[in-house]
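# Close look at the chain arrangement
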Amino acid sequence: MKAIITGGAGFLGSHLCDLLLLKGHEVICVDNLITGSAQNIEHIESDRFTYLEHDVTKPLYFGDRIDYVFHLASPASPIDYFALPIQTLKVGALGTYNMLGLAKEHAARFLLASTSEVYGDPLVNPQPETYWGNVNPIGPRGVYDEAKRYGEAITMAYHRYHGMDTRIARIFNTYGPRMRAGDGRVVPNFINQALRGEDLTVYGDGSQTRSFCYVSDLVDGLFRLMMSDFSDPVNIGNPGEMTVLEFAEVVVGIIGSDSRVVFEDLPVDDPKVRRPDISRAKDVLGWEPVVGLEEGLKETIRYFEKPIRGSY
Ligand SMILES: NC(=O)c1ccc[n+]([C@@H]2O[C@H](COP(=O)([O-])OP(=O)(O)OC[C@H]3O[C@@H](n4cnc5c(N)ncnc54)[C@H](O)[C@@H]3O)[C@@H](O)[C@H]2O)c1
């Protein structure tokens, strides 16, 4: 089978490239490197792998057969989408439109990498797929949340109107090797601060909750969803929930640093709780995460201590 992975040189996309190659598929990785890095895929030597530098907000045509389109291209961390608000909206809207068009032309199956951010600052915890969310469309996070909500809407429209075979993965916080040290997300932040013996920056009072999924579990969930026959959204994430303060203690404990915690202002519209209800993923995909937090964190810490490429 031949698959396109947009955003394939990013954190999740590069692990998905590895997984598909491991399973014997052909992979075309399409990326414009706006937040990704060629280093994330430099370990790949397979002749079933092709890299194409391209901005998916511009149309893309292939003469050869394409069977699957995994559409992951999008800035994903708040630091990135605050700095790139228009690019984020464009890749969610034009990029998704273009990739749906490409999939339609090839009668290929299409998967959208959506996000738990479609639930905004949720009034329901844990969040099931049936919850419609609580998003501020005009706040600074709106550029990401609404781009993804639009992406879901156009994906369902192509499914209903054109009868296309589509999938929507609502991805919750994921961590692992190949995250960027400075991408502002809590896992690389805490690990790198603790490794340097610096204080850990907690936004707000640290009582907000998060749940963390290890990257190998996440890409396994994406693959299973693509191979399923289910076209409604599916949450993919780890239901283990903890406060940010508790998470800081876990990181400091594993690294054995004497870092303390310092508090800074909570960003606008920061979600107070975040935990996936994964009943649907269990029922439909037979999927649930298998990597424990300590195991996943140790692997991620090793990556930040001494970069190891291609260790998937
Ligand atoms: N990592 C998470 O915890 C998480 C959570 C929810 C959703 N997601 C979604 O998963 C996907 C991947 O996230 P990630 O964490 O790997 O982020 P990332 O920034 O590491 O990867 C995104 C990739 O998309 C590429 N890209 C962005 N705009 C593009 C464009 N116009 N054309 C071509 N390539 C473009 C970037 O260069 C990058 O390589 C995103 O769609 C994100 O919204 C991730």
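The structure reproduced in this document is the subject of the present report.

Parameters at a glance
- Residues numbered from 1 in each chain as written.
- Predicted model: local features only at pLDDT ≥ 70, side-chain atom pairs only at ≥ 80, totals over all residues.
- Heavy atoms only, no water.
- Core = buried A, V, L, I, M, F, W, Y, C linked by side-chain atoms within 4.5 Å.
- Buried < 20%, exposed > 50% of the residue type's maximum accessible area, 1.4 Å probe, protein only.
- Contact = heavy atoms within 4.5 Å.
- Pairing = 2+ DSSP bridges.
- Helix = DSSP H or I, 4+ residues; strand = E, 2+ residues; numbered from the N terminus.
- Axes fitted to C-alpha atoms, helices over the stretch in contact; angles between N-to-C directions.
- Parallel < 35°, antiparallel > 145°, perpendicular 65-115°, else oblique.
- Left-handed = near helix turned anticlockwise from the far one by under 90°.
- Nonpolar A, V, L, I, M, F, W, Y, C, P; charged D, E, K, R; others polar.
- Near = heavy atom within 4 Å.
- Polar contact = N/O pair within 3.5 Å; in protein donor to acceptor, adjacent residues only side chain to side chain.
- Areas by Shrake-Rupley, 256 points an atom, 1.4 Å probe, with all protein chains shown as cover.
- Salt bridge = Lys/Arg side-chain N within 4 Å of Asp/Glu carboxyl O.
- Phe/Tyr/Trp six-rings, centres within 6.5 Å; stacked < 30°, edge-to-face > 60°.
- Expected span 1.5 Å × (residues − 1).
- Arc of directions from axis to C-beta.

### With respect to the nonpolar core
Considering soluble globular proteins, one finds that nonpolar side chains tend to be buried as a cluster. Counting 57 residues, the largest nonpolar core has Phe49, Phe70, Phe190, Leu222, Phe247 and Leu297 as the members making the most contacts within it. If we skip the residues at most four places from it in the chain, Leu297 touches Tyr175, Val187, Ile191, Phe247, Val250, Val251 and Ile254. Core analysis: the second largest hydrophobic core is formed by 20 residues, Leu60, Val69, Phe110 and Ile154 among them.

### Section: the sheet that holds strand 6 (residues 166-171)
Strand order in the open sheet made by the 7 strands is 3-2-1-4-5-6-11, with parallel pairing throughout. Looking at strand neighbours, the two that pair on one side only are strand 3 (49-53) and strand 11 (233-236), the edges of this open sheet. Put simply, the sheet's adjacent strands are angled 20° from each other on average, direction ignored. In terms of strand pairing, strand 2 (residues 26-31) meets strand 3 through 5 bridges, oriented parallel. What sits directly across from Val30, in strand 3, is Leu52. Lying over the sheet, helix 3 (residues 85-105) contacts strand 1 (2-6), strand 4 (68-71), strand 5 (109-115) and strand 6, oriented at roughly 175° with respect to strand 4.

### A short note on the packing of helix 3 against helix 4 (residues 142-162)
Two elements in contact, helix 3 and helix 4, have axes separated by 8 Å at closest approach and are oriented at 15°. The angle between helix 3 and helix 4 falls in the class roughly parallel. In the packing of helix 3 onto helix 4, the handedness of the crossing is right-handed. Packed against helix 3, whose contacting residues are Pro85, Thr88, Leu89, Gly92, Ala93, Thr96, Tyr97, Leu100, Gly101 and Lys104, the element helix 4 presents Val143, Tyr144, Ala147, Tyr150, Gly151, Ile154, Thr155, Tyr158 and His162 at the interface. Per-class residue counts for the contact of helix 3 with helix 4 are 11 nonpolar, 7 polar and 1 charged.

### A few points about the site of the ligand
Close contacts around the ligand come from 30 residues, with Asp31, Thr35, Leu72, Tyr144 and Lys148 the closest. Between an oxygen atom of the ligand and a main-chain N or O atom of Gly36, the distance comes to 3.0 Å. Starting from 820 Å² of accessible surface for the ligand in isolation, the protein chains cover 96%. The class makeup of the residues in the shell around the ligand is 14 nonpolar, 12 polar and 4 charged.

### Comments concerning unusual backbone geometry
Note the cis peptide between Asn125 and Pro126, where omega equals -5°. As for its placement among the helices and strands, Pro126 is situated in the loop between strand 5 and helix 4. In this structure, Ala107 takes a positive phi of about 50° despite not being glycine. Position of Ala107 among the secondary structure elements: in the loop between helix 3 and strand 5.

### Concerning the pattern of salt bridges
Scanning the model with the defined rule gives 21 salt bridges in all. Between Asp64 and Lys2 there is a salt bridge, with the nearest N and O atoms lying 3.4 Å from each other. Taken together, the positions of Asp64 in the loop between strand 3 and strand 4 and Lys2 in strand 1 put the pair 62 residues apart, joining distant regions of the chain. Judged by relative accessible area, Asp64 falls into the partly exposed class, the value being 49%. Under the relative-accessibility criterion, Lys2 is labelled buried at 11%. Residue Arg170 is joined to Glu152 by a salt bridge in which the shortest nitrogen-to-oxygen separation is 2.7 Å. Linking Arg170 in strand 6 with Glu152 in helix 4, this pair joins segments that are 18 residues apart in sequence.

### Remarks on the packing of aromatic side chains
Within the structure shown, the criterion is met by 8 aromatic pairs. Considering the side-chain rings of Phe190 and Phe247, the 5.9 Å spacing of their centres and the 25° angle between planes classify their relative orientation as stacked. Separated by 57 residues along the polypeptide, Phe190 in helix 5 (residues 186-195) and Phe247 in helix 7 (residues 244-255) bring together distant segments of the chain. We note that Phe190, like Phe247, is buried.

### A closer look at the packing of helix 5 against helix 9 (residues 293-305)
When two helices pack together, their arrangement is given by the angle between the helix axes and by the axis-to-axis distance. With their axes 10 Å apart at the nearest point, helix 5 and helix 9 run at an angle of 60° to one another. Comparing the axis directions of helix 5 and helix 9 gives the class oblique. Judged by the sense of rotation from one axis to the other, the crossing of helix 5 with helix 9 is right-handed. Contact with helix 5, carried on its side by Val187, Pro188, Ile191, Asn192 and Leu195, involves Leu297, Thr300, Ile301, Phe304 and Glu305 of helix 9 and no other residues of that element. Its residues assigned to classes, the contact of helix 5 with helix 9 shows 7 nonpolar, 2 polar and 1 charged.

### Remarks on helix 9
Its 13 residues place the ends of helix 9 18 Å apart at the C-alpha level, agreeing with the 18 Å of an ideal helix rising 1.5 Å per residue. Every buried residue of helix 9 is listed here: Gly296, Leu297, Thr300, Ile301, Tyr303 and Phe304. The arc enclosing the buried residues of helix 9, seen along the axis, measures out at 155°, which places them on a common side. Of the residues in helix 9, the exposed ones pointing more than 90 degrees away from the buried face are Glu295 and Glu305. Contact partners of the buried residues in helix 9: strand 7 (174-175), helix 5, strand 10 (213-214) and helix 7.

That's the geometry; what it means functionally is another story.
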